[in-house]
Amino acid sequence: MKVMNIEKICVIGLGYIGLPTASLLANRGFKVFGVDIVQETVDIINQGKIHIVEPDLDTFVQSAVNSGNLIASTVASEADIFIVAVPTPFKDGFVPNIDYIVSATRGLAPFVKPGNIVILESTSPVGTTDIMEQTLKDEGVDTSAIHFAHCPERVLPGKIMHELVHNDRIVGGTTEEATRQTADFYRSFVIGEVLETDARTAEMAKLTENSFRDVNIAFANELSMLSGKFGIDVWELIDLANRHPRVNILQPGCGVGGHCIAVDPWFIVDAAKGDAKLIRQAREVNDYKTEWAIEKIKNAALAFENKHGRKARVACMGLAFKPDIDDLRESPALYITQRLSSESFDVLAVEPNIETHPEFNMVDYKEAAKIADIIVYLVSHKEFLDLEIDDSKEVISFCKLEDRRKEKRK
């Protein structure tokens, strides 16, 4: 059911959040104008196709485009609601970079009008929604009758189309009226509860969610390094500890990736000016885990070379930051593969979810398993679950494949 008086929506940024959101809204009957600065992305979408891997997204986009409700362009258009979903990376020194948000906001200046709602979905430092309003003021726009709000995305890659609808959402406006109107809009297509607050709290809530997860992953990653030092199987250790009714330790990995968990805690650290001690330490532990993994792989490769008189062929199994997606943003698996390659190790880059990569000649996962001397599981992709590895090969795993194998057998 559409909200009264809302007919057209302009979505700025057609990436992992913007495109699913745009296609979902278009299939709900809204006229959606999607904007992206990359012409190739625009062309692909206007053909009813997708440029990223996400389950069910292709069906949503094809239906939205065929219905005429979704049109993509490189320039914004007039609308009732503007949704900004652009990247928010960090600069050198882990300083938040909101340049894309500011640029996108400036691009809206010719099109916004009184009564419009401007929504920021990009994960952002506290105060960014206020900066968007000030940016439009600086562009000569009278913002007194424009409603600004932050509604952070909180979806899991691989389940985005489901979670966009079913997850609870937080809506925080710069005014109470902005909060109310924006929340009513989200209630028109969200089954989960829509929770109302102010913009700054909404911004901090998303950073808090991801920092909480980062801290807990850091505990698991530190356990894995300590277990290696003590000669303990970390997987067994965690399984046993988790039998306690009030303990739920996460699984370690080769680091932490993705645009959210690997980035958002730094937004808090930067703003806290030395006071976010635990959050900073967790980030450093998770970054160090990647360096620890690299050293473990290098030591195994050098030991092989000393024993056999030739370089080991090292299969890096998975480049994405999590299983069964093609997203390489802030991926520790990709970083590990790049580092090994740059240090002249014989690397076989394997990522079943992408066809090409500018730095590597991609190798089929079955072929890599046959020809590699050392198999390094960096990501537990579903394709790896049934691989049979010859006993003569050394296997190093930074992810727990066995749990996924059990799930598959069920």
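Preceding this paragraph is the structure being described.
Rules and cut-offs
Residues numbered from 1 in each chain as written. Predicted model: local features only at pLDDT ≥ 70, side-chain atom pairs only at ≥ 80, totals over all residues. Heavy atoms only, no water. Helix = DSSP H or I, 4+ residues; strand = E, 2+ residues; numbered from the N terminus. Contact = heavy atoms within 4.5 Å. Salt bridge = Lys/Arg side-chain N within 4 Å of Asp/Glu carboxyl O. Buried < 20%, exposed > 50% of the residue type's maximum accessible area, 1.4 Å probe, protein only. Pairing = 2+ DSSP bridges. Right-handed = clockwise from strand over helix to strand, strands pointing away. Arc of directions from axis to C-beta. Axes fitted to C-alpha atoms, helices over the stretch in contact; angles between N-to-C directions. Parallel < 35°, antiparallel > 145°, perpendicular 65-115°, else oblique. Left-handed = near helix turned anticlockwise from the far one by under 90°. Nonpolar A, V, L, I, M, F, W, Y, C, P; charged D, E, K, R; others polar. Phe/Tyr/Trp six-rings, centres within 6.5 Å; stacked < 30°, edge-to-face > 60°.

Trainee: Account for the environment of T174, naming residues and giving values.
Mentor: Mapped onto the elements, T174 comes out in the loop between strand 9 (169–173) and helix 7 (176–187). Expressed as a C-alpha distance, the spacing of T174 and L278, which sit 104 residues apart in the sequence, is 30 Å. If sequence neighbours within four positions are ignored, T174 has contacts with T129, D130, E133, F148 and A199.

Trainee: Outline the pattern of salt bridges, supporting the account with residue identities and numerical values.
Mentor: Scanning all chains against the criterion turns up 20 salt bridges. Connected through shared salt-bridge partners, E177, R180, D184, R187 and E196 make up one network.

Trainee: I'd love a proper account of the pairing of strand 8 (residues 147–150), names of residues and values included.
Mentor: In strand 8, alternate side chains face the same way, and those of H147 and A149 on one face and F148 and H150 on the other are all buried. Across four bridges, the pairing between strand 7 (residues 117–120) and strand 8 is parallel. If you follow V118 over to strand 8, its bridge partner there is F148. Between the parallel pair strand 7 and strand 8, the chain is carried across by helix 5 (residues 128–138), and the sense of this crossover is right-handed. Where strand 8 and strand 9 come together, two bridges link them in antiparallel fashion. Following the sheet pairing, A149 is matched in strand 9 by G173.

Trainee: Give me the lowdown on helix 3 (residues 57–67), citing residues and values where you can.
Mentor: Among all positions of helix 3, only L57, V61, A64 and V65 are buried. Looking down the long axis of helix 3, one finds its buried residues gathered within 95 degrees of arc, a one-sided arrangement. On its buried face, helix 3 is in contact with helix 1 (18–27), helix 2 (39–46), strand 3 (70–73) and helix 6 (160–166). Count one or two residues on from helix 3 and you reach G68, which has phi positive near 85 degrees.

Trainee: Which residues make up the packing of helix 8 (residues 199–230) against helix 11 (residues 277–308), and what are the values?
Mentor: Running from amino to carboxyl end, helix 8 crosses helix 11 at an angle of 45 degrees, the nearest separation of the two axes being 8 Å. It follows from the interaxial angle that helix 8 and helix 11 lie oblique. As for the relative orientation of helix 8 and helix 11, their crossing is left-handed in sense. Contacts between helix 8 and helix 11 involve S211, D214, V215, I217, A218, N221, E222, S224 and M225 from the former and L278, I279, A282, R283, V285, N286, Y288, K289 and W292 from the latter. Grouping the constituent residues of the contact of helix 8 with helix 11 by class yields ten nonpolar, four polar and four charged.

Trainee: So what about the pairing of strand 1 (residues 8–12)? Which residues, and what values?
Mentor: Burial runs high along strand 1: four of the five residues are buried. Both strand 1 and strand 2 (residues 31–35) contribute to a ladder of five bridges, which runs parallel. In the strand pairing of strand 2, V11 is matched with G34. For the segment spanning strand 1, helix 1 and strand 2, crossover handedness is right-handed. Examined bridge by bridge, strand 1 and strand 4 (residues 81–84) share four bridges and lie parallel to one another. Directly across from V11, in strand 4, lies its bridge partner I83.

Trainee: Could you give me a rundown of the environment of I52, with the residues and numbers involved?
Mentor: You can see I52 is positioned in the loop between helix 2 and helix 3. You can call I52 buried: its relative accessible area is 7%. Residues I52 and K322 lie 270 residues apart in sequence; the distance between their C-alpha atoms is 15 Å. Setting aside residues no more than four positions away along its own chain, I52 makes contact with G15, Y16, L57 and D326.

Trainee: Talk me through the sheet that holds strand 14 (residues 394–397); I want residue IDs and the actual numbers.
Mentor: Reading across the sheet, the four strands line up as 12-11-13-14 and stay open at both edges, with parallel pairing between neighbours. Among the strands making up the open sheet, the edge pair consists of strand 12 (346–350) and strand 14. Neighbour to neighbour, the strand axes of the sheet diverge by 20 degrees on average, direction disregarded. Bridging between strand 13 (residues 374–377) and strand 14 involves four bridges; their strand directions are parallel. Its bridge partner lying in strand 14, I375 is registered against V395.

Trainee: Hey, could you go over the packing of helix 10 (residues 264–272) against helix 11 for me, with residue numbers and the actual values?
Mentor: Running from N to C, helix 10 and helix 11 cross one another at 140 degrees; their axes reach a closest spacing of 9 Å. On the basis of the axis angle, helix 10 is oblique to helix 11. Of the two possible hands of crossing, helix 10 and helix 11 adopt the one that is left-handed. Two secondary-structure elements touch here, helix 10 through P265, W266, I268 and V269 and helix 11 through I279, R280, R283 and D287. Taken together, the residues of the contact of helix 10 with helix 11 sort by class into five nonpolar, no polar and three charged.

Trainee: Account for the packing of aromatic side chains, naming residues and giving values.
Mentor: Evaluated as defined, the whole model comprises eight aromatic pairs. The interplanar angle of 5 degrees and the centroid separation of 3.9 Å between the aromatic rings of F94 and W266 together place this pair among those described as stacked. On the criterion of sequence distance, the pair formed by F94 in the loop between strand 5 (90–91) and strand 6 (95–96) and W266 in helix 10 is long-range, its members being 172 residues apart. Between the aromatic rings of Y377 and F384, the centroid separation amounts to 6.0 Å while the plane-to-plane angle is 45 degrees, which identifies the pairing as tilted. Judged by its relative accessible area of 4%, Y377 falls in the buried class. An aromatic cluster of at least three residues, connected via ring pairs, comprises F30, F185, Y186 and F189.

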